[in-house]
Amino acid sequence: MTMTAEEQMSEGQHAIPMEGEDITPKKDGGVLKLVKREGTGTELPMTGDKVFVHYVGTLLDGSHFDSSRDRGEKFSFELGKGQVIKAWDIGVATMKVGELCQLICKPEYAYGSAGSPPKIPPNATLVFEVELFEFRGEDVTEEEDGGIIRRIITKGQGYSKPNEGASVDVIVVGSCEGRVFDERELKFEVGDGEGLGFPVGVEKAIMAMEQEEEALFNIKPKYGFGNAGNAKYNIPGGATLQYKIKLTAFEKAKESWEMNTVEKLEQSSIVKDKGTQYFKEGKYKQASVQYKRIVSWLEHESGLSEEDENKAKALRLAAHLNLAMCFLKLQEPNQVLENCDKALDLQASNEKALFRRGEALFGMKEFDKARDDFQQVAQLYPANKAAKSQVSLCQKRIKEQHEKDKRIYANMFQKFADRDSKKEAETVKGEGKASDDDGMEVENGEKEVASEA
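Residues numbered from 1 in each chain as written. Predicted model: local features only at pLDDT ≥ 70, side-chain atom pairs only at ≥ 80, totals over all residues. Heavy atoms only, no water.

**Student:** It is not clear to me how helix 5 (residues 261-280) should be interpreted in this structure. Could you clarify?
**Tutor:** Between its first and last C-alpha, helix 5 extends 29 Å over 20 residues, near the 28 Å set by a 1.5 Å rise per residue. Next to the buried residues of helix 5 lie helix 6 (284-298) and helix 7 (306-329). The N-cap of helix 5, judged by a side-chain oxygen 3.2 Å from the amide nitrogen of Val262 a few residues on, is Asn260. One or two steps after helix 5, the chain reaches Gly282, where phi turns positive at roughly 80°. (Helix = DSSP H or I, 4+ residues; strand = E, 2+ residues; numbered from the N terminus. Expected span 1.5 Å × (residues − 1). Contact = heavy atoms within 4.5 Å. Polar contact = N/O pair within 3.5 Å; in protein donor to acceptor, adjacent residues only side chain to side chain.)

Spelled out as structure tokens, the structure:
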């Protein structure tokens, strides 16, 4: 039968002294901390931070069972996420950078009655010497580009998070270089944030949070107010923002699979009107979010009645056409082409889809392809005078492009001719030199001529 570390102590074997401050929330003596070297600064790691440490683990009798130092590689984990034993989540959260401490961990805060065979016996009290080197916030961007870094002040409840369209109750405090520029408590739908003066990073941050969570977010310009800044809040271009956000409550929007056909059609009509209102206000990104929801709800819907099928098709067509218009305004031509193509799959000769695709191609300097789209519009819809004008403009641009190409090629051919003339002159000069100089150069010249033949 395996003895516990405490039983080994009673047998008279050497033991590490049980000393240190009780740092458990319950004050039950489960984790004792003894600082061996003070750290620097005042900041402590927060829940969700990635921490980097070195550690040496021993049993109470002094025998080592694990050491990152022996491996020569620091150990890292996300604090407070249950990736390590409870004692570590508790202990490392109290450390400063540069601190070296000893943690004595009772079994219920370590590996419990099961232990961790073969090195850690059941019901073992463990001793860790831990040194904290660094900690950094959690990257919550999909691209993991460091654009939105979260540091959790108060951990949330449950595992559910707001989705696109969710109704959220939040308290938001925005600051830049220590100056608070926005402080509000409000309720809104995720997707409407930009219309309320929030940068895109705030909604992305909220969608990473749990209910009752409070966190600090460091938001880089890409997800903030960009290079333009924000005149209303007196934020300069390229500024990094800090937001303190508390998600007090939220109600998720229904996912596609949670709605029946009637609900999808009803909600699609509602968000279509909402998107149109955003578009009229010049809020093209917010408008596109609404139209995308229609596509996600109805794109793969099948087995509909003829009436519902016609409604769904009309809504999808409108969504793709409106998305194309939004992306034209946002100068994202590839997205315009994609949505126009999908609209034309639904209605092969749609006037708006052909015209908007032509506009995108024109902006991409694909004048031949743009002309083809505008010509098709002009033929199918003779009343569309704008299409006829665009055909003429495309012809003009094509002609200009041809003239430019001719000039380029003419210059290029002239350069080739000049180069060949220069080479020929050098060859003649070389042959003359060979005939006048000594026999060695004459011989080399003859070889060169022979090789050219």
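**Student:** Explain the sheet that holds strand 12 (residues 214-219) here, please?
**Tutor:** Across a sheet, paired strands are connected by hydrogen bonds in the backbone, their directions being either parallel or antiparallel. Spatially, the six strands line up as an open sheet ordered 8-9-12-13-10-11, and their pairing is antiparallel. The open sheet has two edge strands, strand 8 (138-139) and strand 11 (179-189), and neither has a second partner. Note: strand 12 against strand 13 (residues 241-251), six bridges, orientation antiparallel. By the bridge assignment for strand 13, Ala215 is matched with Ile245. (Pairing = 2+ DSSP bridges.)

**Student:** Please explain the nonpolar core as it appears in this structure.
**Tutor:** Nonpolar side chains tend to gather and get buried jointly when the protein is soluble and globular. Counting residues in hydrophobic clusters, the biggest one holds 41 residues, and the most contacted among them are Tyr291, Ile294, Leu298, Val336, Ala370 and Phe374. Of all hydrophobic cores here, the second largest spans 31 residues; its members include Ile152, Ala166, Ala205 and Ala215. (Core = buried A, V, L, I, M, F, W, Y, C linked by side-chain atoms within 4.5 Å. Buried < 20%, exposed > 50% of the residue type's maximum accessible area, 1.4 Å probe, protein only.)

**Student:** Please clarify how the pairing of strand 2 (residues 31-37) should be interpreted in this entry.
**Tutor:** Every regular strand shows the same layout, with side chains that alternate between the two sheet faces. Pairing of strand 1 (residues 21-22) with strand 2, which is carried by two bridges, proceeds in the antiparallel orientation. Bridged to Asp22 within strand 2 is Leu32. Two strands pair when backbone bridges link them, and strand 2 and strand 6 (residues 100-105) are joined in this way by six bridges, in the antiparallel orientation. Bridging from a neighbouring strand, Lys33 pairs with Leu103 of strand 6.

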